[in-house]
Amino acid sequence: MRYVIYGAGAIGGSLGATLHRSHQEVVLVARGRQLEALRTSGLTLQTPHGDVHTTPTTVGSVRDARIGGADVVVMAMKSQDTAAALLELREASDPEVAILCAQNGVENERLALRLFGNVYGAFVHVSAQNLEPGLVQLFSAPAHGVIDLGRAPSGLDERAAAIARDLESGGFASRVDEHIMRWKYAKLLSNLANAVEALLGPRAAGGEIVRAARAEALTCYRAAGIAYVSGEEHSRRVAGKEVLLPVNGHARCGGSSWQSLARATGHIETDYLNGEIVLLGRLHGVPTPVNEALCVLAAQMAREGTPPGSVARDTVEEQIAACSGAR
């Protein structure tokens, strides 16, 4: 199989570098400064065990990748970019292509299933960072992290098993699961903290806000009848497979939403993480003022180019109160 990595940031770059290093055929689809750096100097992957330089084929659009039905397209962009990316992909690829959503949230698979029949969800538990063009850092050992997958919305097939084997050969812990969306809904619970970290900073005392956001989510899950794996099962899966270690003497600065603000991309994924809970709340009559407030503030920060960690806790609490009063 050939892997077309659509979005060469922290996760996409990590996958591209590790698969290419394990002798898989890889094409990276990138844009902007990342595209320029990859074409000029290749991709550098830094890990706790040393640096690896790779030079996978890099193109600026999926049309240039000439995607066929036997290829696997790994969707690795942020969720707010998925809909446009899928439309471009439909115009430039075989309809039988495999679409692997290696992304946070649960909306990407739903979007992909509108346009493609072979869609796979991936539970991605990987601590990666991309703050400079052409440079990706992975902070875990002995494995690079956990990437499990299965057909969306459910099911298994040989292609999923083959992808899992390739991910294992690249250094990730990977297995197939016929109910992969249960894992993605569990991961969404942890991703609700991304906005809090982006707003307040990684070392701020935001635990109470995170717990309140997750409590809203669990109420929504119950109202909607959504199945998800337990925290204990989640912990058992990742235990011992992702021990965080420094890279070149430095720990990871922050998660994916923190990185979006640090790179001043102008947008952030919160509407597809905390916003998923807001959507469920509105569909099922569950108040979600904490998640609503986090969406409002994160969007404002991204729009205004505010650095991560610049919001005071009082501001968050005031916005939560405002969202509570608006109902």
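A quick note: this is a predicted structure, and the numbers were derived from the prediction, not measured.

(A) Molecular detail of the overall build of the protein. Looking only at helices and strands, the protein features 14 helices and 13 strands. In terms of overall dimensions, the protein is globule-like: its C-alpha atoms have a radius of gyration of 19 Å, near the 20 Å expected for 327 residues. Each of the three principal axes of the protein carries a C-alpha extent, and together these read 55 × 40 × 40 Å. Split by element, the accessible area of the protein, about 13,500 Å² in all, is 51% carbon and sulfur.

(B) Fine view of the environment of Ile 209. For Ile 209, the position within the fold is in helix α9 (residues 207-224). Apart from residues lying up to four places away in sequence, Ile 209 is in contact with Val 196, Leu 200, Val 290, Leu 294, Arg 313 and Val 316.

(C) Region of the structure containing the pairing of strand β3 (residues 43-47). β3 sits mainly inside the fold: four of its five residues count as buried. In terms of strand pairing, β3 meets strand β4 (residues 50-54) through five bridges, oriented antiparallel. Across the sheet, residue Leu 43 finds its bridge partner in β4, namely Thr 54. In this structure, the hairpin formed by β3 and β4 is closed by a connection of two residues.

(D) Main features of the state of the cysteines. The final tally for this structure, using the stated rule, is zero disulfides. A disulfide-free cysteine, Cys 220 has its sulfur positioned 12 Å from the sulfur of Cys 295, the nearest such atom. With no disulfide of its own, Cys 323 has Cys 295 as its nearest cysteine by sulfur position, at a separation of 8.9 Å.

Definitions and limits used
Residues numbered from 1 in each chain as written. Predicted model: local features only at pLDDT ≥ 70, side-chain atom pairs only at ≥ 80, totals over all residues. Heavy atoms only, no water. Helix = DSSP H or I, 4+ residues; strand = E, 2+ residues; numbered from the N terminus. Rg over C-alpha atoms; globule rule 2.2 N^0.38 Å. Areas by Shrake-Rupley, 256 points an atom, 1.4 Å probe, with all protein chains shown as cover. Contact = heavy atoms within 4.5 Å. Buried < 20%, exposed > 50% of the residue type's maximum accessible area, 1.4 Å probe, protein only. Pairing = 2+ DSSP bridges. Disulfide = S-S within 2.5 Å.

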